[in-house]
Amino acid sequence: MNILCFFLRRKFVPYLDGGLRPGQAGRLEKHLAGCRECGGLIVRIRAGHQAARRFDRLSPDASPRLPEFEEIWARRPSPSRLSPALAVPALLAVAAGLVMLVAVSSRTMTSHSREGLVASHDIQAGREFTPLAIREFAMNSRSRIVTEGFVHNVYYDEQERTLHIKLVEGLQDPEPFVICEIRDVRGLTIPQQGSRVRVYGMARFDAQPGRGWNEVNPVMNIAVLNR
Amino acid sequence: MARVVPDDPEKVLVQAARRGDEEAFREIYRTYREPVWSVVLSLVGDPLQAQDILQNVFFKAFRGLPRFRFRSALFTWIYRIARNECRNHLRKHGPSVVPLEDILGSRYEADTASVADDGSRNRRDALTGAVMQLPFKMREVVVLKYQEDLSYDEMSRILGCPSGTVASRLNRALTELETLMRPSEGTR
Ligand SMILES: [Zn+2]
């Protein structure tokens, strides 16, 4: 390959796109007719180019529900909005929160036990989930979490074709709660009402009208702690 | 007397966002959520990881907007964050090990003999599989050029390299793709 080949090869794709001026295209064609190496290369590049032109987006049928704006907005710190009167208590609260966060993080678990699994979704080895109590969802900024609670009720949403499990901290208290959404119910043994479960997945806030609740969506795995 | 030129709507939007206007952020998210999602999903392959990354991209974009200097279009800047997030994610966690069936759902035919099938759907799925097999640097140029329809200049700004480098990377990606798509070798 000489220096001319080197520079002309950068024009191959624009040439195949029809984006070269006639003079440039003519010079390239003349070179291709006389250079076996470049002539062979452009045949392969043309085949790859023609295939790649059919490359389209993986969505929408491969897409899970995309995060709502509120979920991202909620993670954004906005101390400048606080009035001076609120700022000091807020800072103290943040400091206290940080202490709690450090304590929680030190308990961060990696899911490796497959005992008691009821969902068929695999957890990728080594991926960490931050433990989060149900009452902590409101101020949570982590997305990949593991939470524990009692199954308050279970229902199947025909329209969305998802199984919803309402999880509470104590069976006597309907609040706080979190809704766990399971999209792939194949091979799923539905956990019984009242059983204690550990749920792995993505923490989200569902801001749709009539909802406005915290959820684990999608659920990546569920372990039943007592049956 | 200077003529009053109406401001570029994107500039107005970004300036409003920089003042902390929630509606402006919402509009930015609404505009770029889908395109960023498709790039991130194509780069990492796994919808769950892509969801994580999408959140981080916009979290970082919102946080970094005060430092946005209008040297590039907003989408170039956001794509650049997205691309860096994907690269860092893959560096940290390695390539996704999610089976293609999980990404493509029912569209995917596990029988690789279907590459030679007449159906355009199977050809498209084989193509998606081949693109996913490309090394990251090749995959990203294919995604940006063919999926997002970006120019060499735009790609070069997003990738932070000269357009000549983009061109030669694209050539390498396309020859690799040609090899992967050959019926006899595309199944490896
Ligand atoms: Zn040559």
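Above this note sits the structure.
Residues numbered from 1 in each chain as written. Chains lettered and ligands numbered in written order. Predicted model: local features only at pLDDT ≥ 70, side-chain atom pairs only at ≥ 80, totals over all residues. Heavy atoms only, no water.

## Overview of the nonpolar core
So, step 1. By size, the foremost hydrophobic cluster in this structure holds 80 residues, and its most contacted members are B:Val36, B:Phe58, B:Phe62, B:Leu65, B:Leu74, B:Ile78 and B:Leu177.
So, step 2. The biggest single contributor to this core is helix H2 (residues 22–44) of chain B, with 12 residues.
So, step 3. Shared between two domains, this core holds at least three residues of each, these being domain 1 (3–52) and domain 2 (69–77 + 85–226) of chain A.
So, step 4. Apart from the residues within four sequence positions on either side, B:Val36 is in contact with B:Leu54, B:Val57, B:Phe58, B:Ile78, B:Tyr79 and B:Ala82.
So, step 5. By size, the runner-up hydrophobic cluster in this structure holds 18 residues, among which are A:Leu132, A:Ile145, A:Ile222 and A:Val224. (Core = buried A, V, L, I, M, F, W, Y, C linked by side-chain atoms within 4.5 Å. Buried < 20%, exposed > 50% of the residue type's maximum accessible area, 1.4 Å probe, protein only. Helix = DSSP H or I, 4+ residues; strand = E, 2+ residues; numbered from the N terminus. Domains from an automatic or database assignment. Contact = heavy atoms within 4.5 Å.)

## Details of the coordination of the zinc ion
Residue and element names in this part refer to chain A.
So, step 1. Protein-derived coordination of the zinc ion comes from Cys-5 (SG), His-31 (NE2), Cys-35 (SG) and Cys-38 (SG), at a distance range of 2.1 to 2.4 Å.
So, step 2. Around the zinc ion sit four donor atoms, and with donor-metal-donor angles ranging over 105 to 116° the site reads as tetrahedral.
So, step 3. Ordering the donors of the zinc ion by residue number gives the pattern C-x25-H-x3-C-x2-C. Of this pair, Cys-5 sits in helix H1 (residues 3–9) while Cys-35 sits in the loop between helix H3 (22–34) and helix H4 (36–52), and the two are 30 residues apart along the sequence. For the pair formed by Cys-5 and Cys-35, the shared burial category is buried. (Donors = N, O, S within 2.8 Å, 3.2 Å for Na, K, Ca; no water. Tetrahedral: all angles 85-135°; square planar, octahedral: opposite > 155°, others 65-115°.)

## Re H4(A)
Residues spaced three or four apart along an α-helix face the same direction, because each turn holds 3.6 residues.
So, step 1. Over its 17 residues, H4(A) extends 24 Å from the first C-alpha to the last, a length consistent with the 24 Å expected when each residue adds 1.5 Å.
So, step 2. The complete set of buried residues in H4(A) reads A:Cys38, A:Ile42, A:Ile45, A:Gly48, A:His49, A:Ala51 and A:Ala52. (Expected span 1.5 Å × (residues − 1).)

## Examining the pattern of salt bridges
Think of it this way: side chains of opposite charge can pair up when their charged atoms draw near.
So, step 1. Here the structure, examined in full by the defined rule, presents 17 salt bridges over all chains.
So, step 2. Salt-bridge contacts for A:Arg9 lead to A:Glu37; the nearest nitrogen and oxygen are separated by 3.6 Å. Note that A:Arg9 is positioned in helix H1 and A:Glu37 in helix H4, a separation of 28 residues in sequence.
So, step 3. Judged by relative accessible area, A:Arg9 falls into the buried class, the value being 13%.
So, step 4. We classify A:Glu37 as partly exposed; its relative accessible area is 48%.
So, step 5. We note a salt bridge from B:Lys145 to A:Asp17, for which the minimum N-O separation is 2.7 Å. Here B:Lys145, found in helix H7 (residues 136–147), pairs with A:Asp17, found in the loop between helix H2 (12–16) and H3, and the two come from separate chains.
So, step 6. Residues joined by salt bridges that share partners form a network here, namely A:Glu70, B:Glu22, B:Glu23 and B:Arg26. (Salt bridge = Lys/Arg side-chain N within 4 Å of Asp/Glu carboxyl O.)

## Topic: the interface of chain B and chain A
So, step 1. Taken together, the 53 residues of chain B in the interface contact 46 residues of chain A.
So, step 2. Here chain B and chain A share an interface that buries about 4,700 Å² over both sides, 60% of which is from carbon and sulfur atoms.
So, step 3. It is B:Gln51, B:Gln55 and B:Tyr146 that lose the most area in chain B upon contact with chain A, and together they represent 15% of the buried surface on that side.
So, step 4. Here chain B is connected to chain A by four salt bridges.
So, step 5. A salt bridge links A:Glu70 to B:Arg26; its shortest N-O distance comes to 2.7 Å.
So, step 6. Our count for the contact surface shared by chain B and chain A stands at 14 residue pairs in polar contact (both at pLDDT 80 or more).
So, step 7. Listed by contribution, the elements that provide at least two residues to the side of chain B that touches chain A are H2, helix H3 (47–64), helix H4 (74–93), helix H5 (100–104), helix H6 (120–133), H7 and helix H9 (163–181) of chain B.
So, step 8. Of the residues belonging to the side of chain B that touches chain A, the class tally is 25 nonpolar, 15 polar and 13 charged. (Buried area = accessible area lost by both parts, 1.4 Å probe. Polar contact = N/O pair within 3.5 Å; in protein donor to acceptor, adjacent residues only side chain to side chain. Nonpolar A, V, L, I, M, F, W, Y, C, P; charged D, E, K, R; others polar.)

## Describing the packing of aromatic side chains
So, step 1. In the structure shown here, the tally under the stated rule is 14 aromatic pairs over all chains.
So, step 2. Summarising the aromatic geometry, the rings of A:Phe69 and B:Tyr29 are spaced 6.1 Å apart at their centres and angled 45° between planes, so their arrangement reads as tilted. Here B:Tyr29 lies in helix H2 and A:Phe69 lies in helix H5 (residues 69–73), a pairing that spans two chains.
So, step 3. Judged by relative accessible area, A:Phe69 falls into the buried class, the value being 3%.
So, step 4. Through a chain of ring-to-ring contacts, three or more aromatic side chains come together here, namely A:Phe69, A:Trp73, B:Phe25, B:Tyr29, B:Phe58 and B:Phe62. (Phe/Tyr/Trp six-rings, centres within 6.5 Å; stacked < 30°, edge-to-face > 60°.)

## Quick word on a positive patch on the surface
All names here are of chain B.
So, step 1. There is a patch of like positive charges on the surface, built from Arg-18, Arg-63, Arg-67, Arg-69 and Arg-71.
So, step 2. The topology assignment puts Arg-71 in the loop between H3 and H4.
So, step 3. Look at Arg-71 and you get exposed, because its relative accessible area is 77%. (Patch = residues over 30% accessible without salt bridge, like charges linked within 9 Å, V, L, I, M, F, W, Y side chains within 5 Å. Areas by Shrake-Rupley, 256 points an atom, 1.4 Å probe, with all protein chains shown as cover. Lys, Arg positive; Asp, Glu negative; His and termini not counted. Charge placed at Lys NZ, Arg CZ, Asp CG, Glu CD.)

## A closer look at the packing of H7(B) against H9(B)
Residues and elements named next belong to chain B.
So, step 1. It is the contact of H7 with H9, at a shortest axis distance of 9 Å, that shows an interaxial angle of 100°. When the interaxial angle is binned, H7 and H9 end up roughly perpendicular. Across the interface between the two elements, Lys-137, Met-138, Glu-140, Val-141, Val-142, Lys-145 and Tyr-146 of H7 pack against Val-166, Arg-169, Leu-170, Arg-172, Ala-173, Leu-174 and Glu-176 of H9.
So, step 2. Looking at side-chain class alone, the contact of H7 with H9 contains eight nonpolar, no polar and six charged residues. (Axes fitted to C-alpha atoms, helices over the stretch in contact; angles between N-to-C directions. Parallel < 35°, antiparallel > 145°, perpendicular 65-115°, else oblique.)

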